[in-house]
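Spelled out from the first residue to the last, the chains are:
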Amino acid sequence: MADRSIESLALPLEVRAKLAELDLELSEGDITQKGYEKKKSKLLGAYLPQPPGVEPSLPQERRTPVTPSSSSRYHRRRSSGSRDERYRSDVHTEAVQAALAKHKERKMAVPMPSKRRSLVVQTSMDAYTPPDTSSGSEDEGSGQGDSQGTPSSSQGSLNMEHWISRAIHGSTTSSTNSSSSTHSGGSDAANALADVMTQTHIENHSAPPDVTTYTTEHSIQVERPQGSTPRAVPKYGNAELMETGDGVPVSSRVSAKIQQLVNTLKRPKRPPLREFFVDDFEELLEVQQPDPNQPRPEGAQMLAIRGEQLGVVTNWPPSLEAALQRWGTISPKAPCLTTMDTNGKPLYILTYGKLWTRSMKVAYNILHKLGTKQEPMVRPGDRVALVFPNNDPAAFMVAFYGCLLAEVVPVPIEVPLTRKEIKQRFLRLTVSNAMGDLLALIIKMDAGSQQIGFLLGSCGVTVALTSDACHKGLPKSPTGEILQFKGWPRLLWFVTESKHLSKPPRDWFPHIKDANNDTAYIEYKTCKDGSVLGVTVTRIALLTHCQALTQACAYTEAETIVNVLDFKKDVGLWHGILTSVMNMMHVISIPYSLMKVNPLSWIQKVYAYKAKVACVKSRDMHWALVAHRDQRDINLTSLRMLIVADGANPWSISSCDAFLNVFQSKGLRPEVICPCASSPEALTVAIRRPTDDTNQPPGRGVLSMHGLSYGVIRVDSEEKLSVLTVQDVGMVMPGGVMCVVRPEGIPLLCRTDEIGELCICSIAAGTSYYGLSGMTKNTFEMFPMMSSGAPVSEYPFVRTGLLGFVGPGGMVFVVGKMDGLMVVSGRRHNADDIVATALAVEPMKFVYRGRIAVFSINVLHDERIVIIAEQRPDSTEEDSFQWMSRVLQAIDGIHQVGVYCLTLVPANTLPKTPLGGIHLSETKQCFLEGSLHPCNVLMCPHTCVTNLPKPRQKQPEIGPASVMVGNLVSGKRIAQASGRDLGQIEDNDQGRKFMFLAEVLQWRAQTTPDHVLFTLLNSRGTIANSLTCLQLHKRAEKIAVMLMERGHLQDGDHVALVYPPGIDLIAAFYGCLYAGCVPITVRPPHPQNIATTLPTVKMIVEVSRSACIMTSQLVVKLLRSREAGAAVDVRTWPPVLDTDDLPKRRPAQIYKPSNPDTLAYLDFSVSTTGMLAGVKKNYCWEVEDSYTGAPGIYTQALPSISINQFTHNMSHAATSALCRSIKLQCELYPSREVAICLDPYCGLGFVLWCLCSVYSGHQSILIPPSELEINPSLWLLAVSQYKVRDTFCSYSVMELCTKGLGSQTESLKTRGLDLSRVRTCVVVAEERPRIALTQSFSKLFKDLNLNPRAVSTSFGCRVNLAICLQGTSGPDPTTVYVDMRALRHDRVRLVERGSPHSLPLMESGKILPGVRIIIANPETKGPLGDSHLGEIWVHSAHNASGYFTIYGDESLQSDHFNSRLSFGDTQTVWARTGYLGFLRRTDLTDANGERHDALYVVGALDETMELRGMRYHPIDIETSVIRAHKSITECAVFTWTNLLVVVVELDGSEQEALDLVPLVTNVVLEEHYLIVGVVVVVDVGVIPINSRGEKQRMHLRDGFLADQLDPIYVAYNM
């Protein structure tokens, strides 16, 4: 009534236009009902007669929604125009807005992802891509969105040149100063929030919060990164108020965001995890317990519903070919099909006479003109492909009926990518600089076309019928032949235009038979996984289906029907091609290209041709709503039936109601709208009949979303937000029987209030999947069972793939599809419902309506929901993130389910179906492969993943004695082992009688003066320098004189040796020993990076209390350069001595220590945890600088390094013991040559470089690792040239050779490189053996005769430089496979190779002579059995005796170097290595004939991460992450406030950065049961690595928290 009164008013045109816009906003959900009424009243207030005393601006009434009662499950809308508020189509939109409103008063800042500005600018460049108006979804059935997204006829043809020019020359802003920022601008409140969070002082670092047991009082609000002017900072350096995890406060933007993330995660998961101890290493995933309060079906068992009787009409033809013959001869001039051009003008009219004659012509040529008379290519019953474009229905129709007349089986498919489309996409991808995507596109061609090819191959298709225009557009080779598409069989392309065909003889007529069970055609179907199946339809099913449609739709002869749908399949084929011919109807075909230009074209044709029927999708109705405002000459009175092909989708009801609301004034009657449900297998399942009874409106139902998730029908009576309004799709088809069965398991009939899969028993249905008998039996030959076990019918039913129920009166309701079903934590959710909810959140403002894909992926044994949408180009970063946050809230509030990943991609980048819809399976594949290149990603694993293993809660303290007794009772041996006894080894070396290395050198200078000890090679492989015993002795004497005379040093003074790797370093070292000074080897600063590396040198000099510095003349100039003066205060350097200018005299006497415990040298080392320590080894001190040898990758260990010092005395005898153990293990004698490619500044590398040759007398061939950067083959060529049997290297050297020489093995072989004489190739390291690298190295150089068994590793640490070394005797290194889950619980369980969760571990060499090892519990200090993982303790004569530090800490000194077991052998003094490992007794025998005990190092105790009560090793997680994507070159992980942070190096385009976030999160969840808190994507080379190739994870953590990494992208997972 109100609408009629408005029509009677004399309203201005602009007011009417605003009213129409208001109606559209209400239908789309852009405005609530309350706001609609308010604005409408304000617009009409000046024109409506007002009662006295009432202000015109106030609304006269407000509607109050009627609460549905439990009894009113289904409701019929009255024709008076008033409708119950419960059944409004926009009730879902209002529910979403109400759900979001519940969160407005509760706010919490969510850290917005940090994106490098270059990436933001690149994304904005992509925004210039013209919005493809074909983004309406063919499958989803929703349109684009608003007037900007759908062009009018004047906007349809976009000037491509103008667009390219605009994209290239448009204004863009970029900044290189900001490391992580977004677009400038935004709200001041967001900036203020960021500033407040940045300045917040984070307290209580010693007890970081547990993010798994929080309560919530807040919802989500976007926090925007700082918009203030950024300042340039060094990559690593002093951080302002930075914390390293030891309690030092932090003030940085990154840590503030992490704190926000922690606060956001303070809410209970659904359901809460019960924490209890599982006394086993098996990690059991949390099993979702059924909700005791979940709704259950209560109704009676349903009965099969039978459709009306299929009437037999006397004039119905016996077959479709007979109908064509009848109309072609009786009414040859009757119009059959009218096609339109892109301007909306009739292009061609196909009459029934032309269709008959041309079809006969095609049939004759197929049978007689292909092949020879003796061997025709096509016989009756063969399959033939029909490849026709969507704008040429006439040619398709002729070819289809030609195949029917020839009795061959047509297989209609889509046109593969044409040359024109390739050119258009080439332009688009070229402008967006996505050349990699372009290459992939050309190789891959169209989305899903390869699967189509597989279908053609399985059907045995050899001939493809096509049109002339399509044939010309196909890609061709230079010779003119059509290219064979990937996955397609070889086809003969046959053009069906009359001018290319031969005329059949006058006496030839096709044989027209009655419909039988022969296959009529095959319709392709794309499955959920992207595979393509062929549904066969017999001729009798084809005819029966046309008869059923004729009866249900009351078709009559000569009616006009407008078809907007795809005429090659589904509803468009059934109505527009088949049934229309049976009834001699006139079809007006609207091509998709015309709809893109003029969305109103189909309505205009209905009016122009007075059409009775129109076949559309809700997308077409929506587009018409957007573009209808300027049209006045439209009248839909002639329309008696508007078939909505996707009427089963949840959003179609809103499109139908909005369309009726707008076009009812144009003559559209409510009863005309007829939704239908269909599937490729069952054809038309149900359709709403047109009726003249206006008092019989369609049915509606408001169902509880909560009940639907459990498959139960419940009318919503309490929770009014979580509802789904559904409309019926009519009755069962004539001649059919329908029942509803349970989707899973045995096909039992559902109850009346239960959701199930609709099944049909009818002749008018598909019969099989071509060539797939197993799937055919399950789908087409299904027998529903009653609860008693008896079948419902003796005839088989066909599964439709539709989920729904049968309501009162036999009305069919569809609530979803099986392909769109997602079972999350035992509850069922439909993808279409999720899309509808996402669209209701500020629809069309940030994303395109029809360009949303929802699917599920399997992660951690459950389905996880993923939403991908195309973002509008004009959306800002902040607005998009705000929309994403609101979508998460809405879906959580409406569906009570969490979204695992929400992704926004640039416009026109999602794979498309031929009619513009999203190719769902292809989109899912791109997501899993990491090739989507999104512009925004929001992961929510903390919210979604509720089935993690139960957190481990450690048992109360169990005494070590109880542990030992338990091991003995269970038959497990105590894990302890030892090397050979030094006292029992025969050794005739005369060097043993000397206690000090200086004495050994003097003795060798006297006995073998000309024996060469050291040979230094340069990058060309030639000898740069060498030293004999006498030369080294004399040079050491001169250096000792210089120290005493020029340096004025006393006995025991410390001297810093700052030399590059070479001979000078060795001579300076022994010169210090001759003078009684204590040398400290220090890596010189790098000339190209003085500012970063020189402060480290200065720090070591100061910490070691060096009295002077000895170096070469080149380094002296470097220390005194202007750059050095800018980096450090050069005035505070101790005296610097240049050893290039040595005195001529000899010392009066060579210093001899009076006590063997005198200190020999200091060695500084930095562990991977960032701890700088000087360790007292047996006559040696170890400390290493933390920057690497590779230029540009230097890393400082500045203020975050803690340094410990103790007073100590070192034993010279211990040094001799170390050298002797190595000599015996490797069988080193003066006649041997050993090649060493190690850094000589710390650890075992220094011992091998400087000490062992003097002690053992062998020749050391020294190869500086830095020379390999110039010549990667230097090391291996030297080994081959000198016929070396023993060589030592680092992992960095091995990796450099593997990567640099991978493709040069053949050329090296021709140069004579031969590694057959190599007996041992030992990798010197302080970490778990990198088995993948060693195996790759062995496999690569096997062609150069390298024995794989020669490659092994060593193990040493700061308390003992050499614990294990493979050596020459003894068994080969062994490899075992352990259960990774067991290691997390400190247990060791051996498994078979290839077992799930198996981890390969290689033995870390053989235990050195004189070394004893035991595995102890690091907490209780009790001995462990060999089935436990524990700390490696070592007892040896060459153990270190303490730390050299400037701060006394006796407790740490005693704990690390003088520990005793708490039970068992409590007398032996052990040193704690700080590494976790285990011992295994193997079946091999050692040199003594006893069974060999192998030591396996798992990882450093300081680096392990305690997460969820379990112990994780970073290397395991990093290995999994590197495998996740081909562009990840390196990875490092660490923890911060109980959050796992993953840093990955990206070797590729910055556009790939966001692809890595879901992949990294997925792989860590799947393989390690951990949720990643933060994902940081950085450039190659950012992760710091020390000289041994070990990652400096703590330095990386400090740099990240200080915001110094310049990341490409930082994602904070929710």
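Residues numbered from 1 in each chain as written. Predicted model: local features only at pLDDT ≥ 70, side-chain atom pairs only at ≥ 80, totals over all residues. Heavy atoms only, no water.

Moving on, we come to the overall build of the protein. Scanning the protein from N- to C-terminus turns up 45 helices and 62 strands. When burial is assessed residue by residue, the protein has 62% of its 1614 residues classed as buried. Put simply, the protein shows about 62100 Å² of open surface, and 51% of that area lies on carbon and sulfur atoms. (Helix = DSSP H or I, 4+ residues; strand = E, 2+ residues; numbered from the N terminus. Buried < 20%, exposed > 50% of the residue type's maximum accessible area, 1.4 Å probe, protein only. Areas by Shrake-Rupley, 256 points an atom, 1.4 Å probe, with all protein chains shown as cover.)

Mapped onto the elements, M1294 comes out in helix α38 (residues 1291-1300). Expressed as a C-alpha distance, the spacing of M1294 and C1237, which sit 57 residues apart in the sequence, is 9.8 Å. The residues touching M1294, leaving out its near neighbours within four places in the chain, are C1289, V1323, L1333, T1334, F1337 and V1351. (Contact = heavy atoms within 4.5 Å.)

Right, let's talk about the pattern of salt bridges for a bit. Across all of its chains, the model carries 49 salt bridges by this definition. Its salt-bridge partner being R828, residue E744 comes within 4.0 Å of it at the nearest N-O pair. Of this pair, E744 sits in the loop between β23 (737-741) and β24 (756-761) while R828 sits in strand β29 (residues 827-830), and the two are 84 residues apart along the sequence. Taking the relative accessible area as the measure of exposure, E744 reaches 48% and is therefore partly exposed. When the shortest N-O distance is used, the salt bridge between E1530 and K1591 registers 2.9 Å. Taken together, the residues span a long stretch of sequence, with E1530 in strand β59 (residues 1528-1536) and K1591 in the loop between β61 (1572-1578) and α45 (1593-1601) at a distance of 61 residues. (Salt bridge = Lys/Arg side-chain N within 4 Å of Asp/Glu carboxyl O.)

A word on the packing of aromatic side chains. Evaluation of the coordinates by the stated rule reveals 21 aromatic pairs. Taking 5.2 Å as the distance between ring centres and 90° as the angle between the ring planes, the aromatic pair formed by F1069 and Y1070 counts as edge-to-face. The exposure class of F1069 is buried, given its relative accessible area of 1%. Arranged with centres 5.3 Å apart and planes meeting at 80°, the rings of F1355 and Y1475 form a pair that is edge-to-face. Of this pair, F1355 sits in the loop between β49 (1351-1353) and β50 (1375-1379) while Y1475 sits in strand β55 (residues 1471-1485), and the two are 120 residues apart along the sequence. Note on accessibility: F1355 and Y1475 belong to one class, buried. Among the aromatic residues, ring-to-ring pairing joins F388, F396, F400, Y401, Y521 and F567 into one connected group. (Phe/Tyr/Trp six-rings, centres within 6.5 Å; stacked < 30°, edge-to-face > 60°.)

Formed by 101 residues in total, the largest nonpolar core has its most connected members in I867, V1521 and L1540. At eight residues, helix α25 (residues 877-895) tops the list of elements feeding residues into this core. In contact with V1521, not counting residues within four places along its chain, are I1528, C1531, V1542, V1544, V1560, V1563 and V1564. Counting residues in each nonpolar core, the second largest holds 89 residues, with F1014, C1029, L1073 and F1288 among its members. (Core = buried A, V, L, I, M, F, W, Y, C linked by side-chain atoms within 4.5 Å.)

As summarised here, the arrangement of the seven strands in space is β36-β35-β46-β45-β47-β48-β49, forming an open sheet in which the pairing is mixed. Edge strands, defined here as strands with exactly one partner in the open sheet, are β36 (1023-1028) and β49. Averaged over all pairs of adjacent strands, the angle between their axes in this sheet comes to 20°, without regard to strand direction. The pairing of strand β35 (residues 1012-1017) with β36 spans five bridges and is classified as antiparallel. The partner of V1012 across the bridge, within β36, is T1028. Sitting on the sheet, helix α30 (residues 1029-1045) is in contact with β35 and β36, with an inclination near 85° to β36. (Pairing = 2+ DSSP bridges. Axes fitted to C-alpha atoms, helices over the stretch in contact; angles between N-to-C directions.)

This part covers the pairing of β59. Extensive coverage of β59 is indicated by the burial of seven of its nine residues. Looking at chain direction, β59 and strand β60 (residues 1539-1546) are connected through eight bridges and run antiparallel. Residue pairing across strands places F1534 opposite V1541, the latter belonging to β60. Taking the residues between adjacent antiparallel strands as the criterion, β59 and β60 are bridged by two residues, where T1537 takes a positive phi near 50°.

Moving on, we come to the packing of helix α10 (residues 352-368) against helix α11 (residues 393-406). The contact between α10 and α11 brings their axes to 7 Å, and the two run at 60°. Classified by the angle between their axes, α10 and α11 sit oblique to one another. The handedness of the crossing between α10 and α11 is right-handed. On α11, the residues touching L355, W356, R358, S359, M360, V362, A363, I366 and L367 of α10 are M397, V398, A399, Y401, G402, C403, L405 and A406. (Parallel < 35°, antiparallel > 145°, perpendicular 65-115°, else oblique. Left-handed = near helix turned anticlockwise from the far one by under 90°.)

Before going further, it helps to spend a moment on the environment of G1477. Residue position: G1477 is located in strand β55. Leave out the neighbours within four places in its chain, and G1477 touches I1415, H1428, L1429, G1430, I1432, Y1496, V1497 and V1498.

In this structure, H933 takes a positive phi of about 55° despite not being glycine. Residue placement: H933 occurs in the loop between α26 (920-929) and β33 (936-939). Residue classification places H933 among the buried positions, given a relative accessible area of 15%. Phi is positive for D1606, which is not a glycine, with a value near 50°. Considering the arrangement of structural elements, one finds D1606 in the loop between α45 and β62 (1609-1612). A relative accessible area of 32% means that D1606 is categorised as partly exposed.

Before going further, it helps to spend a moment on the environment of T1504. Along the chain, T1504 turns up in the loop between β56 (1491-1500) and β57 (1505-1507). By relative accessible area, which is 14% here, T1504 ends up buried. Separated by 10 residues in the primary sequence, T1504 and P1514 place their C-alpha atoms 6.6 Å from one another. Contacts of T1504, omitting those with residues within four sequence positions, involve L1476, R1511, Y1512, H1513 and P1514. One polar contact links the side chain of T1504 to the main-chain carbonyl oxygen of L1501, over a distance of 2.8 Å. (Polar contact = N/O pair within 3.5 Å; in protein donor to acceptor, adjacent residues only side chain to side chain.)

Counted according to the given criterion, the structure contains zero disulfides. Cysteine C739 is unpaired, with the sulfur of C759 as its nearest cysteine sulfur at 4.9 Å. Just so you know, C1250 is unpaired, no disulfide at all, and the nearest cysteine sulfur is the one on C1252, 9.9 Å from it. Exposure remark for C1250: the relative accessible area of 0% places this residue in the buried category. (Disulfide = S-S within 2.5 Å.)

Another aspect to go through is the sheet that holds β23. The strands that make up a sheet are held in pairs by hydrogen bonds between backbone atoms, and each pair lies either parallel or antiparallel. Strands sit in the order β5-β23-β24-β26-β27 across an open sheet of five strands; the sheet is antiparallel. Single-partner strands in this sheet number two, and they are β5 (305-306) and β27 (812-817). Direction of pairing for strand β26 (residues 798-806) relative to β27: antiparallel, over a ladder of five bridges. What sits directly across from L802, in β27, is K817.

Before going further, it helps to examine the pairing of strand β8 (residues 383-387). With respect to burial, β8 is a largely interior element, five of its five residues being buried. Because side chains alternate across β8, one face comprises the buried residues R383, A385 and V387, and the other comprises V384 and L386, equally buried. Pairing geometry for β8 and strand β9 (residues 409-413), over five bridges, is parallel. Note on β9: the bridge partner recorded for R383 is V409.

With their axes 9 Å apart at the nearest point, helix α20 (residues 618-627) and helix α21 (residues 652-663) run at an angle of 40° to one another. Viewed along their axes, α20 and α21 adopt a mutual orientation that is oblique. Two packed elements cross with a definite hand, and for α20 against α21 that hand is left-handed. Residues S618, M621, H622, A624 and L625 of α20 lie in contact with α21, whose contacting residues are S652, S655, C656, A658, F659, V662 and F663. Across the contact of α20 with α21, the residue classes tally to eight nonpolar, four polar and no charged. (Nonpolar A, V, L, I, M, F, W, Y, C, P; charged D, E, K, R; others polar.)

What follows covers the confidence of the model for the protein. On average, residues of the protein score 78 in pLDDT, and 76% of them reach the 70 mark or higher. Throughout residues 1-5 the model reports pLDDT below 50, and contacts reaching past four residues in sequence, or to other chains, amount to one contact. Contacts for the low-pLDDT stretch residues 123-251, under 50 throughout, to residues beyond four places or in other chains number 305 contacts. (pLDDT = per-residue confidence, 0-100.)

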